[in-house]
Amino acid sequence: MARAQDDRMTPIEIPAQPDVIELGTGPLPGTTAKETWHTQYGSTFARNVTIATLTPFLPDPAKATGAAVVVAPGGAFRTLSMENEGWDVARALAARGIAAFVLKYRLNPTPSDMPAFERSMRELFSGAARPPRADPEQARVRLAPQIADARAAFALIRRRAGEWRVDPNRIGMIGFSAGAMLTMATTLAGEDAKPAFIANIYGPLAPVAAPADAPPLFVALAADDPIFANGGFGLIESWKAAKRPVEFHLYEQGGHGFGMYPKETTSTGWFDAFARWLAMHGYLKAAR
């Protein structure tokens, strides 16, 4: 497949981002490496992010529904899949009338040297590597900077809601892999963020204590995901036990990180399913 043949990481200049907005959460303490970008799998990635930003993708005002989504790309908190799990998702949402905001959250530092970074990523995803635990209390501490970035994103969108034609009470969050972990952490420990709805795309599905007012949850995962497919589906049961809305799509094939890549597996249909789910909950129409 083209993706398998195109897995080399190639450094690139930081792309022009004229619409990017700094979130004001400050530089990540104790980091020295500068932010760098690279391409892989025909897509664009950022790493060594020390300043969190938000990039708006606004719909045509004639189509705007007032709903909005914070989009959190994945990358093991070491890199961010800015294109496949960020910009492409945001454009697809904006095309359906939903304001989308790509969150470039702060990352754990990685080696500046590209070969060293590639080695570190191979080691992380080797067969011996274990995915991070999804314990919410641990996540609250370990992901404190990223949760702060997500909270700042929600606060900024609500502050500028009038300008961006957004209903402050109709802002959700979607995350991919590490971004899904951040989405769940923001939901469970994000205090004032309070997403109206959330989507966990190939993130961990360990059980949690779902709050009584937990937002509607959409989940998509491939059964052959080497990282999260074998940890059970406790998160789904947690939402059901709390009698909160949950929809779960388990695709036979798709692996990890399928995002918006066009693949021949049924996992490629996840976004259309997500859009139908948003429509079912009323987010593809303006609120009355």
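Quick look at the structure, then.

## Side note on the overall build of the protein
From N to C terminus, the protein includes nine helices and 12 strands. Against the 2.2 N^0.38 benchmark of 19 Å for 288 residues, the protein shows a C-alpha radius of gyration of 18 Å, consistent with a compact globule. With the C-alpha coordinates aligned to their principal axes, the bounding extent of the protein is approximately 55 × 40 × 40 Å. Within the protein, the proportion of its 288 residues that are buried is 52%. Within the structure as shown, the protein displays about 13100 Å² of accessible surface, and the carbon and sulfur contribution to it stands at 52%.

## A look at the environment of Ala-206
Its location among the elements puts Ala-206 in the loop between strand 10 (198–201) and strand 11 (217–222). For Ala-206, a relative accessible area of 25% puts it in the partly exposed group. Expressed as a C-alpha distance, the spacing of Ala-206 and Phe-233, which sit 27 residues apart in the sequence, is 6.4 Å.

## Details of the side chain of Asn-200
With respect to the secondary-structure elements, Asn-200 resides in strand 10. At a separation of 3.4 Å, a polar atom in the side chain of Asn-200 contacts the main-chain carbonyl oxygen of Pro-204. Dropping the residues within four chain positions of it, Asn-200 is found in contact with Gly-175, Ala-180, Met-184, Leu-205, Leu-217, Phe-218, Val-219, Ala-220 and Leu-235.

## Let's talk about the pattern of salt bridges
Considering all chains together, one arrives at seven salt bridges under this definition. For Arg-96, the salt bridge identified is with Asp-272, shortest N-O distance 3.4 Å. Highlighted residues: Arg-96 in the loop between helix 2 (83–95) and strand 8 (99–104) and Asp-272 in helix 9 (residues 270–280), separated in sequence by 176 residues. Among the ionic pairs, Arg-151 bridges to Asp-192, the shortest N-O distance being 2.7 Å. With a gap of 41 residues between them, Arg-151 in helix 5 (residues 144–159) and Asp-192 in the loop between helix 7 (178–189) and strand 10 connect regions that are remote in the sequence.

## Some thoughts on the packing of aromatic side chains
According to the stated counting rule, one finds 15 aromatic pairs in the structure shown. Ring centres 5.5 Å apart and planes at 85° place the aromatic pair Trp-270 and Phe-271 in the edge-to-face group. The burial state of Trp-270 is the same as that of Phe-271; both residues are buried. Measuring from centroid to centroid gives 6.0 Å for Phe-274 and Trp-277, while their planes differ by 20°, and the two rings are stacked.

What counts, and where the lines are drawn
Residues numbered from 1 in each chain as written. Predicted model: local features only at pLDDT ≥ 70, side-chain atom pairs only at ≥ 80, totals over all residues. Heavy atoms only, no water. Helix = DSSP H or I, 4+ residues; strand = E, 2+ residues; numbered from the N terminus. Rg over C-alpha atoms; globule rule 2.2 N^0.38 Å. Buried < 20%, exposed > 50% of the residue type's maximum accessible area, 1.4 Å probe, protein only. Areas by Shrake-Rupley, 256 points an atom, 1.4 Å probe, with all protein chains shown as cover. Polar contact = N/O pair within 3.5 Å; in protein donor to acceptor, adjacent residues only side chain to side chain. Contact = heavy atoms within 4.5 Å. Salt bridge = Lys/Arg side-chain N within 4 Å of Asp/Glu carboxyl O. Phe/Tyr/Trp six-rings, centres within 6.5 Å; stacked < 30°, edge-to-face > 60°.

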